[in-house]
Amino acid sequence: MCSATFGDQMWSTRGVGLTRVLAAIRVRAGPTVSLVFESSQETQKKVKISSKAAVAAEEARKRAQEKKDMLLKELERDEKRLKKGKFLGLF
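Counting of residues starts from 1 at the beginning of each chain's written sequence and follows it residue by residue. Owing to the predicted nature of the model, reporting of local features is limited to residues with pLDDT of at least 70; listing and counting of side-chain atom pairs is limited to 80 or more, with chain, interface and lining totals taken over all residues. Side-chain figures throughout are based on the complete set of non-hydrogen atoms in the structure, without hydrogens or water.

Examining the overall build of the chain
Item 1. Secondary structure assignment for the chain yields two helices and two strands.
Item 2. The buried label goes to any residue with under 20% of its type's maximum accessible area, the exposed label to any with over 50%, and the partly exposed label to all in between, with areas taken from a 1.4 Å probe on protein chains only. The burial tally for the chain puts 5% of its 91 residues in the buried class.
Item 3. Whether two residues are in contact is decided by their heavy atoms: any pair within 4.5 Å suffices. Counting contacts in the chain only where the partners sit at least 6 residues apart, residues at least 24 apart contribute 42% of the total.
Item 4. To be clear on the numbers: accessible area is Shrake-Rupley with a 1.4 Å probe, and residue cover counts the displayed protein chains and nothing else. As displayed, the chain has an accessible area near 8,500 Å², and 61% of this comes from carbon and sulfur atoms. Secondary structure elements follow DSSP: runs of H or I of four or more residues count as helices, runs of E of two or more count as strands, with numbering from the N terminus.

Here's what the structure looks like:
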């Protein structure tokens, strides 16, 4: 992270490249700049957490699709029953 051009905010610089970070430092309004660095261990922890979240999201998608399929089958079964049955229960 790099401090904002002015003010006390910190901006994320993840994935923007060295030239953009250097440009942000060059155009600062003031003599100081604050930088926050990430340790490799912290990065590994984030990777583990994100992979667990991806697995959980995939499982949730599968459960949602199974539920959708089950409801669709139930709807089709009910429609077949209605087509075979009497019209409004009279005929």
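Continuing now.
Focus: the pattern of salt bridges
Where charged atoms from two side chains of opposite charge approach closely, those side chains can pair.
Item 1. Counted as salt bridges are all cases of a side-chain nitrogen of Lys or Arg within 4 Å of a carboxyl oxygen of Asp or Glu. According to the stated counting rule, one finds three salt bridges in the structure shown.
Item 2. Here Lys46 makes a salt bridge to Glu42, at a shortest N to O gap of 3.9 Å. With Lys46 and Glu42 both in helix α2 (residues 40-84) and four residues apart, the pair spans about one turn of that helix.
Item 3. Classification of Lys46 by relative accessible area gives partly exposed; the value is 38%.
Item 4. Look at Glu42 and you get partly exposed, because its relative accessible area is 36%.
Item 5. A salt bridge links Arg61 to Glu58; the shortest N-O distance between them is 2.6 Å. Pair noted here: Arg61 and Glu58 are both in helix α2, with a separation of three residues, about one helical turn.

Points about a nonpolar patch on the surface
Item 1. A cluster of nonpolar side chains, namely Val33, Leu35 and Phe37, defines an oily patch on the protein surface of about 310 Å² accessible area.
Item 2. Residue Val33 is classed as partly exposed on the basis of its relative accessible area, which comes to 36%. Patches here are clusters of residues that have more than 30% relative accessible area and form no salt bridge, with a 9 Å joining cutoff for like charges and a 5 Å cutoff for nonpolar side chains (Val, Leu, Ile, Met, Phe, Trp, Tyr).

Some details on the confidence of the model for the chain
Item 1. The pLDDT value expresses, per residue, how confident the predictor is, ranging between 0 and 100. For the chain, the average pLDDT comes to 82, and 86% of its residues sit at 70 or higher.
Item 2. The least confident element of the chain, judged by mean pLDDT, is strand β1 (residues 2-3) at 70; the most confident is α2 at 90.

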